[in-house]
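Per-entry structural report
Spelled out from the first residue to the last, the chains are:
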Amino acid sequence: MLVCWCFSAEAQRVGLGAPGAQPASAAAGLGIDPANPKEFTIAEVTVSGTQFLDPNSMISISGLKPGDKIRVPGPAIPSSIRKMMDFGTLNDVEIVATKVEGEKIWLNIHIKERPRLYKVSFSGIRKGERETLNDKVKLIKGRVITPTVIKNTQLVIKKYYMDKGFYNTKVKVLQIPDSTRGQATLNFTITKGKKVKIETIDIQGNTAISDKILKRKMKGTKQKRIGRLFNPSKYIPKKYDEDKEKLVAYYRKNGYRDATIEFDSIKNGDETISIVMKIDEGTKYYYRDITWSGNYLYTSQYLSDRLGVKKGDVYNPEELDKKINGIPGADVSSIYMDDGYLYFRIEPTEKAVEGDSIDVELRMFEGKQATINRILLNGNTKTSDRVVLRELFTLPGQKFSKTEIINTQRQLSQMGYFDPEKIQINPIPNQADGTVDIEYTVEEKPSDQIELSGGWGGYIGFVGTLGLVFNNFSLKNIPNRETWRPLPSGDGQKLSLRFQANGKQYQTYSLSFSEPWLGGKKPINFGVSLQRTVYRMTDYSSIYGGSSTGKIGYRGGYFNNGITVSLGRRLKEPDRNLVMTHSLSYQRYRLDSLDIFRIGYSTGASNNISFNTTISRNTLSDFQFPRSGSNISLSGTFTPPYSLLRKKDFTDKTDTYRWVEYHKWMFDASYYATITGKLVLSARTHMGFLGAYGDKVGYSPFGRFIVGGSGLAGQGSFSLADQDIIGLRGYQDQKVGPQNEQGYPASGGGIVYNKYVMELRYPVSLNPQATIFILGFAEGGNNWGTYKEFNPFDLKRSAGVGARIFMPAFGLLGIDWGYGFDKIQGESKRSGPQFHFTIGQQIR
């Protein structure tokens, strides 16, 4: 740094440290001889040129203060200038002597501040990209603009576009000053260029594993080829680095412990690049001797059998660690940690490496058993503590169990009140007293649903639906207004109300209530439901034929009133996940000149008293988007065998069906497994059988199966007379199975059906406010009117794609496109493409 001495023509000022040179004669005027340094005492230090900075702070940073002795010329002034420039907020610093009297000197520090940021603008890109970049660069108004700030912002912008495949992005910056306010605008001009594609990937040195397999493992780095849609071949440096790590990990997983990438290079073209990498595979290793040390509770042989790794197996540290810690209930750690040994740990150690063989010693620390001391619960702002605590499998006083921790996490997810992605479990060990506190952190999600629609249907009148489902209702909190959100909540009860109307033609009303812990001490589920359905067949001649009254006429009607009471409980043996439920139902059906079964029974009243027993087992990881687990259900429904108790013959249809009789068996099973990443396989099977008690009545027209289409029960395809509606995508509603001449289900539907489904599901969003996933499916099913015709391999097949969205306010909504490959009864050609819309969770 130059130290110059200069005069000002208007005033006696000597520049002691400045970038410019001034006449040296001014120094002589103040008694300073540049050739003979002299010691002065600082009398005063002032600051000029400040806009935003505090002058006293600048003096403090400079290190110059009154009373200090400095040599002029000397090192003190350049040192002060360096300190102030290192502060990072200044563009220029000049220190001048304004006055000299004897051995005293007066100094002025003249500074030029760096401009402050006024705003950031972007050029050369779309509006949406500008908004995204604003969030990325995070430049705050008023920040000091330094070269480092500008450089870092350019790097952030380039990285953002490189991650999108624009490898040749260029960023230029223009600083537009506003000297009146000491501020400036930064304008970044971005030239993205074209996305850089990967022309070729040349892998060298690999002999054990083929190029094809290795390239398949590089999920984010793909070579350009025609037809590549879902895995584009754009070059993204970050993903390329991740893929190189995946290649090495894959080699080591297959026994190549020493595998490395010797070198890799990228040849850059204008719009394409070529990647060359050379791999040193090394030797493929195998396990030789596996020994244990530190184990006192269990023998080495028992632990080796549980581990499942044998001499001669391919050396795979990842798989070894999984068998030690990664399979809850089936790994080695579960033997100890399910028995309270919280502090248990295993350290696999390579003892010897000879040729292609490795000896491994598993060094163990068993520790002491830990007992659960306290349960800490956080985040349940709506659900009562006791409702959550009663679902836990980890209770104070019990021994710590890793498997029970995992089971508890699944149980909390199945409650439906908390976001499954946000459930956190944190064991807090207290080694001093051998106990552990377990902290559960949950996040409430909306679980109530509302369905509201309405309109005026011309001559029909009011058309609308009102549905309310409160999944976390509280009956006892009705007097407590503080718990109303909007209704009293927090006790885990369920209240459901629904009304649907299509004028007078179709109306349905339902009300249900359930308490999952009747009495509050045991998981006994009590439920009660009421329902009423009204359906009137419109006489269209009264509309188009000119009715004298001007009102709609009806040709007949169907009326149903029913009540169901249920009681269920969890079983402890043989499996805690088993639930047995019993229900008693009474349904009264009244037909008024309407033959809904088309069997000659059009007027009369039928009574249905039925008893149902269901055994189910549910281990699904989540209710909305399960990734693992299964759900199996077997149910039997029985009415009294009236015909067996009656000696007289039936006189007519009204007499025959006055008391409904049948026995019905239903089996449903679903299985979910994660294939890779977020991709989930769903496999389901459903079967139903309707039986008769004898030949007097035969197979009842009540309780039959309707198959085909979306599986919705509603106006136009509603469920009448205890029918079960089963969807089969790719086919029209109600069209699979026995049909009469008019194209309606014969005799009220089939008496036996089966259905098989396989789906691949992928989540787009797992946000509890809007859970969205897409799916591809293949399914087959059929419906038969007699057991003689029943053939479980005679299926109506279909395949297609679909999407589901779950919103707490509206429930599950779905759309599917399916292609039916087979012909249905009465048709000469295959079903072909069909669109289906679904509302609510479809059981079958």
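Computed from a predicted structure; not experimentally measured.

We now examine the overall build of the protein chain. For the protein chain, the helix and strand inventory stands at 15 helices and 35 strands. Taking 2.2 N^0.38 as the reference for a compact globule, 844 residues should give roughly 28 Å; the C-alpha atoms of the protein chain span a radius of gyration of 40 Å, well beyond that estimate. Taken over the C-alpha atoms alone, the protein chain extends approximately 140 × 85 × 65 Å along its principal axes. For the protein chain, the proportion of its 844 residues judged to be buried stands at 43%. Considering only contacts within the protein chain whose residues lie at least 6 apart along the sequence, 60% involve residues at least 24 apart. Averaged over its 113 positive side-chain charges, the protein chain has a centre that lies 5 Å from the centre of its 85 negative ones.

Turning next to the environment of Gly205. On the secondary structure map, Gly205 appears in the loop between β9 (197-204) and α6 (211-217). Residue classification places Gly205 among the partly exposed residues on the basis of a relative accessible area of 43%. Here the alpha-carbon distance between Gly205 and Glu281, two residues 76 residues apart in the chain, equals 7.4 Å. Once residues within four sequence positions are removed from consideration, Gly205 is found in contact with Ile279 and Glu281.

Two numbers describe how helix α2 (residues 55-62) lies on helix α3 (residues 76-86): the axes approach to 8 Å, and their chain directions differ by 125°. Considering their axes alone, α2 and α3 lie oblique with respect to each other. Together, Met58, Ile61 and Ser62 of α2 and Ser80, Lys83 and Met84 of α3 make up the contact between the two elements.

Among the structural elements, Glu444 can be located in the loop between β17 (435-441) and β18 (449-456). With no salt bridge to any partner, buried Glu444 finds its closest opposite charge in Lys382, at an N-O distance of 6.3 Å. Of note is the side chain of Glu444, whose polar atom sits 3.5 Å from the backbone nitrogen of Thr381. Of note is the side chain of Glu444, whose polar atom sits 2.7 Å from the backbone nitrogen of Thr383. If near-sequence neighbours (up to four positions away) are discounted, Glu444 is found in contact with Gly379, Asn380, Thr381, Lys382, Thr383, Tyr417 and Phe418.

What follows deals with unusual backbone geometry. A cis geometry characterises the amide bond from Val72 onward to Pro73, with omega recorded as -15°. Along the chain, the position of Pro73 falls in the loop between β3 (69-72) and α3. Note the cis peptide between Glu573 and Pro574, where omega equals -5°. Phi at Gln734 takes a positive value of approximately 65°, unusual for a residue other than glycine. You can see Gln734 is positioned in the loop between β30 (724-726) and β31 (752-767). Gln734 gets classed as partly exposed once you look at its relative accessible area, which sits at 22%.

The next thing to look at is a positive patch on the surface. A surface patch of positive charge is lined by Lys212, Arg216, Lys217, Lys219, Lys253 and Lys322. No other element matches α6, which puts three residues into the positive patch. Among the secondary structure elements, Lys322 is positioned in helix α9 (residues 317-325).

One open sheet accounts for three strands, arranged β12-β14-β13; its pairing is mixed. Strand pairing shows two members of the sheet lacking a second neighbour, β12 (286-293) and β13 (345-354), which therefore form its edges. The mean inter-strand angle of the sheet, taken between neighbouring strand axes irrespective of direction, is 25°. Note that β13 and strand β14 (residues 357-365) share nine bridges and pair antiparallel. Bridge assignment links Ala352 to a residue of β14, and that residue is Asp359. Against the sheet, helix α8 (residues 300-307) contacts β12 and β14, and its axis sits at roughly 135° relative to β12.

Moving on: the nonpolar core. Of all hydrophobic cores here, the largest spans 41 residues; its most connected members are Leu307, Leu362 and Leu412. Dropping the residues within four chain positions of it, Leu362 is found in contact with Ile290, Thr291, Trp292, Ser293, Leu307, Leu320, Ile324, Ile346, Glu347 and Pro348. Within the second largest apolar cluster, 29 residues are counted, among which are Tyr535, Tyr558, Val707 and Trp784.

Turning to the side chain of Ser496, a few remarks are in order. Tracing the backbone shows Ser496 in strand β20 (residues 493-502). Among the residues examined, Ser496 registers a relative accessible area of 15% and is labelled buried. Filtering out sequence-adjacent residues up to four positions away, Ser496 remains in contact with Leu468, Val469, Ser510, Leu511 and Ser512.

The grouping of Leu497, Leu511, Leu530, Ile563, Val565, Leu584, Tyr586, Ile609, Phe611 and Trp659 at the surface amounts to a nonpolar patch, some 800 Å² of accessible area in total. Mapped onto the nonpolar patch, the elements with two or more residues apiece are β23 (553-570), β24 (578-592) and β25 (604-618). Tracing the backbone shows Val565 in strand β23. For Val565, a relative accessible area of 35% puts it in the partly exposed group.

The rules behind these values
- Residues numbered from 1 in each chain as written.
- Predicted model: local features only at pLDDT ≥ 70, side-chain atom pairs only at ≥ 80, totals over all residues.
- Heavy atoms only, no water.
- Helix = DSSP H or I, 4+ residues; strand = E, 2+ residues; numbered from the N terminus.
- Rg over C-alpha atoms; globule rule 2.2 N^0.38 Å.
- Buried < 20%, exposed > 50% of the residue type's maximum accessible area, 1.4 Å probe, protein only.
- Contact = heavy atoms within 4.5 Å.
- Lys, Arg positive; Asp, Glu negative; His and termini not counted.
- Charge placed at Lys NZ, Arg CZ, Asp CG, Glu CD.
- Axes fitted to C-alpha atoms, helices over the stretch in contact; angles between N-to-C directions.
- Parallel < 35°, antiparallel > 145°, perpendicular 65-115°, else oblique.
- Salt bridge = Lys/Arg side-chain N within 4 Å of Asp/Glu carboxyl O.
- Polar contact = N/O pair within 3.5 Å; in protein donor to acceptor, adjacent residues only side chain to side chain.
- Patch = residues over 30% accessible without salt bridge, like charges linked within 9 Å, V, L, I, M, F, W, Y side chains within 5 Å.
- Areas by Shrake-Rupley, 256 points an atom, 1.4 Å probe, with all protein chains shown as cover.
- Pairing = 2+ DSSP bridges.
- Core = buried A, V, L, I, M, F, W, Y, C linked by side-chain atoms within 4.5 Å.

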